[in-house]
Amino acid sequence: MHVTDSAISLNVADVEASAAWAREHLGFTTAMEADGFCSLAHPHAGFHLIYLRTGLGSFKPASAAGSADGLLVVLTVDDVDAEQDRLVGEGVEVVTPLETEPWGERYFQMTDPNGVVFQLVQWVEAPDPQYAG
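What comes next concerns the included structure. (Residues numbered from 1 in each chain as written. Predicted model: local features only at pLDDT ≥ 70, side-chain atom pairs only at ≥ 80, totals over all residues. Heavy atoms only, no water.)

**Focus on the pattern of salt bridges**
Phase 1: Tallied over the entire structure, the rule returns five salt bridges.
Phase 2: Two residues, aspartate 35 and arginine 53, come together in a salt bridge whose shortest N-O distance is 3.2 Å. Here arginine 53 lies in strand S4 (residues 48-53) and aspartate 35 lies in the loop between strand S2 (29-34) and strand S3 (37-41), a separation of 18 residues in the sequence.
Phase 3: The shortest N-O distance in the salt bridge between glutamate 83 and arginine 86 comes to 2.8 Å. One end of the pair, glutamate 83, and the other, arginine 86, are both in helix H2 (residues 80-89), three residues apart, so they sit about a helical turn from each other.
Phase 4: Under the relative-accessibility criterion, glutamate 83 is labelled partly exposed at 24%.
Phase 5: Arginine 86 gets classed as partly exposed once you look at its relative accessible area, which sits at 33%.
Phase 6: Through salt bridges with shared partners, one network takes in Glu83, Arg86 and Glu90. (Salt bridge = Lys/Arg side-chain N within 4 Å of Asp/Glu carboxyl O. Helix = DSSP H or I, 4+ residues; strand = E, 2+ residues; numbered from the N terminus. Buried < 20%, exposed > 50% of the residue type's maximum accessible area, 1.4 Å probe, protein only.)

Written out as structure tokens, the structure is:
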């Protein structure tokens, strides 16, 4: 299989609210949009972030037309501490403050206006020696 692009598609009640949040706080730009649809790109994300309005009649399969739930959109960054400080300063709601897992994953989580959870991650030295390479 030769993959030429990638995307994650999330169903939300208010497409424009989530798209505006991702543009303002995460640096995404609009690649394409229409009624109930917005595709966002980021020069370093490696995927398009697509928002679709829940209940959109053209959505298939109908069994997956509900709201995005139970998932995390994860972005790896160079300085997760600085990113949390910046985003808190911008008024972003942090739902899980900075934590460092024993295997070296330092992260925090925030939500967009539709409740989609975004996690920013930085890989650091594993604080627990049993997880060190």
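**Description of the sheet that holds strand S1 (residues 7-12)**
Phase 1: Pairing within the open sheet is mixed, and its four strands lie in the order S1-S4-S3-S2. Each end of this open sheet is capped by a strand with a single partner; those strands are S1 and S2. In this sheet, neighbouring strand axes are inclined to one another by 20 degrees on average, regardless of whether the strands run parallel or antiparallel.
Phase 2: Relative to S4, S3 runs antiparallel, the two being bridged by four bridges. Paired with phenylalanine 37 across the bridge in S4 is leucine 52. (Pairing = 2+ DSSP bridges. Axes fitted to C-alpha atoms, helices over the stretch in contact; angles between N-to-C directions.)

**Things to note about the packing of aromatic side chains**
Phase 1: By the definition in use, this model includes two aromatic pairs.
Phase 2: Summarising the aromatic geometry, the rings of tryptophan 21 and phenylalanine 118 are spaced 5.1 Å apart at their centres and angled 45 degrees between planes, so their arrangement reads as tilted. Of the two residues, tryptophan 21 is situated in helix H1 (residues 15-26) and phenylalanine 118 in strand S8 (residues 117-123); the sequence distance between them amounts to 97 residues.
Phase 3: We classify tryptophan 21 as buried; its relative accessible area is 8%.
Phase 4: Residues phenylalanine 28 and phenylalanine 47 carry aromatic rings whose centres are separated by 6.4 Å and whose planes lie at 50 degrees to one another, so their mutual orientation is tilted. Of this pair, phenylalanine 28 sits in the loop between H1 and S2 while phenylalanine 47 sits in the loop between S3 and S4, and the two are 19 residues apart along the sequence. (Phe/Tyr/Trp six-rings, centres within 6.5 Å; stacked < 30°, edge-to-face > 60°.)

**Section: the sheet that holds strand S6 (residues 94-100)**
Phase 1: Judged by pairing direction, the sheet is mixed, and its four strands sit side by side in the order S5-S8-S7-S6 without closing on themselves. Two strands in the sheet have a free side with no partner beyond their single neighbour: strand S5 (72-76) and S6. Taken over all neighbouring pairs, the strand axes of this sheet differ in orientation by 15 degrees on average, direction set aside.
Phase 2: Bridge analysis of S6 against strand S7 (residues 105-111) gives four bridges, and the strand direction is antiparallel. Bridged to glutamate 99 within S7 is tyrosine 107.
Phase 3: Here H1 sits on the sheet in contact with S5, S7 and S8, set at roughly 140 degrees to S7.
Phase 4: Sheet contacts for H2: S6, S7 and S8; angle to S7, the most-contacted strand, approximately 20 degrees. (Contact = heavy atoms within 4.5 Å.)

**Structural notes on H2**
Phase 1: For H2, the complete set of buried residues consists of Val80, Gln84 and Leu87. What you see down the axis of H2 is that its buried residues fit within an arc of 70 degrees, all on one side. Summarising the geometry of H2, the exposed residues directed more than 90 degrees from the buried face are Asp85 and Gly89.
Phase 2: Where the residues of H2 are buried, they touch H1, S6, S7 and S8.
Phase 3: Residue glycine 91 follows H2 closely and has a positive phi angle near 90 degrees. (Arc of directions from axis to C-beta.)

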